[in-house]
Amino acid sequence: MTVSDGDLISELYAGCFRRLVVQLYAVTGDLTEAQEAVQEAFTRALVSPRRFAALENPEAWLRRVAVNWARSRYRRRRVLDGLLRRIGPPPAVADHSPEHLALLAALRVLPEGQRHALALHYLVDLPVDEVAATLGVSSGTVKSRLSRGRVALAALLAATDTSDATAPATGTATATGTKCAPDATETGRIDVRS
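None of the values given here were measured: they were computed from a predicted structure.

**Notes on the pattern of salt bridges**
Inference 1: Following the criterion strictly, the structure yields six salt bridges and no others.
Inference 2: Glutamate 33 is paired through a salt bridge with arginine 77; the nearest N and O atoms lie 3.1 Å apart. Of this pair, glutamate 33 sits in helix 2 (residues 31-47) while arginine 77 sits in helix 4 (residues 58-87); the two residues are 44 residues apart in sequence, bridging distant segments of the chain.
Inference 3: According to the relative accessible area criterion, glutamate 33 is buried, its value standing at 11%.
Inference 4: Given the relative accessible area of 34%, arginine 77 is considered partly exposed.
Inference 5: Measuring nitrogen to oxygen at the nearest pair gives 2.9 Å for the salt bridge that ties arginine 44 to glutamate 40. On the criterion of helical spacing, the pair formed by arginine 44 and glutamate 40 is a turn pair, its members being four residues apart in helix 2.
Inference 6: Put simply, Glu33, Glu36, Arg73 and Arg77 are held in one network by salt bridges that share partners.

**Some details on a nonpolar patch on the surface**
Inference 1: A grouping of Leu80, Leu84 and Ile87 is seen on the molecular surface, where their side chains present a nonpolar patch of about 310 Å² in accessible area.
Inference 2: Examined against the element boundaries, leucine 80 turns out to sit in helix 4.

**Details of a positive patch on the surface**
Inference 1: A grouping of Arg71, Arg75, Arg76 and Arg78 is seen on the molecular surface, where their side chains present a positively charged patch.
Inference 2: By relative accessible area, arginine 78 is classed as exposed at 51%.

**Topic: the side chain of glutamine 114**
Inference 1: For glutamine 114, the location among the structural elements is in helix 6 (residues 112-123).
Inference 2: Residue classification places glutamine 114 among the buried residues on the basis of a relative accessible area of 13%.
Inference 3: Other than its neighbours up to four places away in sequence, glutamine 114 contacts Arg145, Arg148, Gly149 and Ala152.

**Brief notes about the packing of aromatic side chains**
Inference 1: Scanning the entire structure with this criterion turns up four aromatic pairs.
Inference 2: Of the aromatic side chains, those joined through ring pairs into one cluster are Tyr13, Phe17 and Phe42.

**Observations regarding the nonpolar core**
Inference 1: Ranked by size, the top nonpolar core spans 21 residues in total, and within it Leu24, Val38, Phe42, Phe52 and Leu62 carry the most contacts.
Inference 2: For this core, the elements supplying multiple residues, two or more each, are helix 1 (5-28), helix 2 and helix 4.
Inference 3: Discounting chain neighbours no more than four positions away, the residues touching valine 38 are Phe17, Leu20, Val21, Leu24 and Ala66.
Inference 4: Counting residues in each nonpolar core, the second largest holds 16 residues, with Leu103, Leu120, Val128 and Leu153 among its members.

**Considerations on the confidence of the model for the protein chain**
Inference 1: Put simply, the protein chain has an average pLDDT of 79, and 77% of its residues get 70 or more.
Inference 2: For the protein chain, per-element mean pLDDT is lowest for helix 9 (residues 184-187), which scores 39, and highest for helix 2, which scores 92.

**Brief notes about the packing of helix 2 against helix 4**
Inference 1: Relative to each other, helix 2 and helix 4 sit at 125°, their axes nearing to 8 Å. The angle between helix 2 and helix 4 falls in the class oblique. The element helix 2 and its partner helix 4 pack so that their crossing is right-handed. Along the contact surface, helix 2 presents Glu33, Glu36, Ala37, Val38, Glu40, Ala41, Phe42, Arg44 and Ala45, while helix 4 presents Trp61, Leu62, Val65, Ala66, Trp69, Ala70, Arg73 and Arg77.
Inference 2: The class makeup of the residues in the contact of helix 2 with helix 4 is eleven nonpolar, no polar and six charged.

What counts, and where the lines are drawn
- Residues numbered from 1 in each chain as written.
- Predicted model: local features only at pLDDT ≥ 70, side-chain atom pairs only at ≥ 80, totals over all residues.
- Heavy atoms only, no water.
- Salt bridge = Lys/Arg side-chain N within 4 Å of Asp/Glu carboxyl O.
- Helix = DSSP H or I, 4+ residues; strand = E, 2+ residues; numbered from the N terminus.
- Buried < 20%, exposed > 50% of the residue type's maximum accessible area, 1.4 Å probe, protein only.
- Patch = residues over 30% accessible without salt bridge, like charges linked within 9 Å, V, L, I, M, F, W, Y side chains within 5 Å.
- Areas by Shrake-Rupley, 256 points an atom, 1.4 Å probe, with all protein chains shown as cover.
- Lys, Arg positive; Asp, Glu negative; His and termini not counted.
- Charge placed at Lys NZ, Arg CZ, Asp CG, Glu CD.
- Contact = heavy atoms within 4.5 Å.
- Phe/Tyr/Trp six-rings, centres within 6.5 Å; stacked < 30°, edge-to-face > 60°.
- Core = buried A, V, L, I, M, F, W, Y, C linked by side-chain atoms within 4.5 Å.
- pLDDT = per-residue confidence, 0-100.
- Axes fitted to C-alpha atoms, helices over the stretch in contact; angles between N-to-C directions.
- Parallel < 35°, antiparallel > 145°, perpendicular 65-115°, else oblique.
- Left-handed = near helix turned anticlockwise from the far one by under 90°.
- Nonpolar A, V, L, I, M, F, W, Y, C, P; charged D, E, K, R; others polar.

Below you can see the structure in the form of structure tokens.
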């Protein structure tokens, strides 16, 4: 009975994965890095399983691929670390204002297509045609997603404003003694309808 190429890889995985990880751990000094290197070696074996099955010593091939992958990754990381040291830390661009955080939270609730279209068009400043090319859809689809996304985002932000509003001094008292929210210009709502 012959063993199929896929079965051979499965048997090797079951039989030598741990051993290879331990060996790579000695090389890399990082267990996660060792596991990723061995996984990458098995992934490459799956690319051409017949050629892999024809090898005289498949475990040695896996080890060599894993070691080479770990070395390459180490070199790339070292180069990147050197570049990052030269250019310094990234500029702080995170806006922690309540309005910005409310906008980000509302964007996460939107369907993926609308969220991507809004982010690329309004936050990255891409024209509709470029958004369409980036997302692999037509310009009409982008326009539709932008329109629906703006409406949904406005509703979400309006709901956030009314639920998060505290009783400001300019509100009017109701019969129960609670205050009503002032008009939208005083709540700091972001107008996304434009």
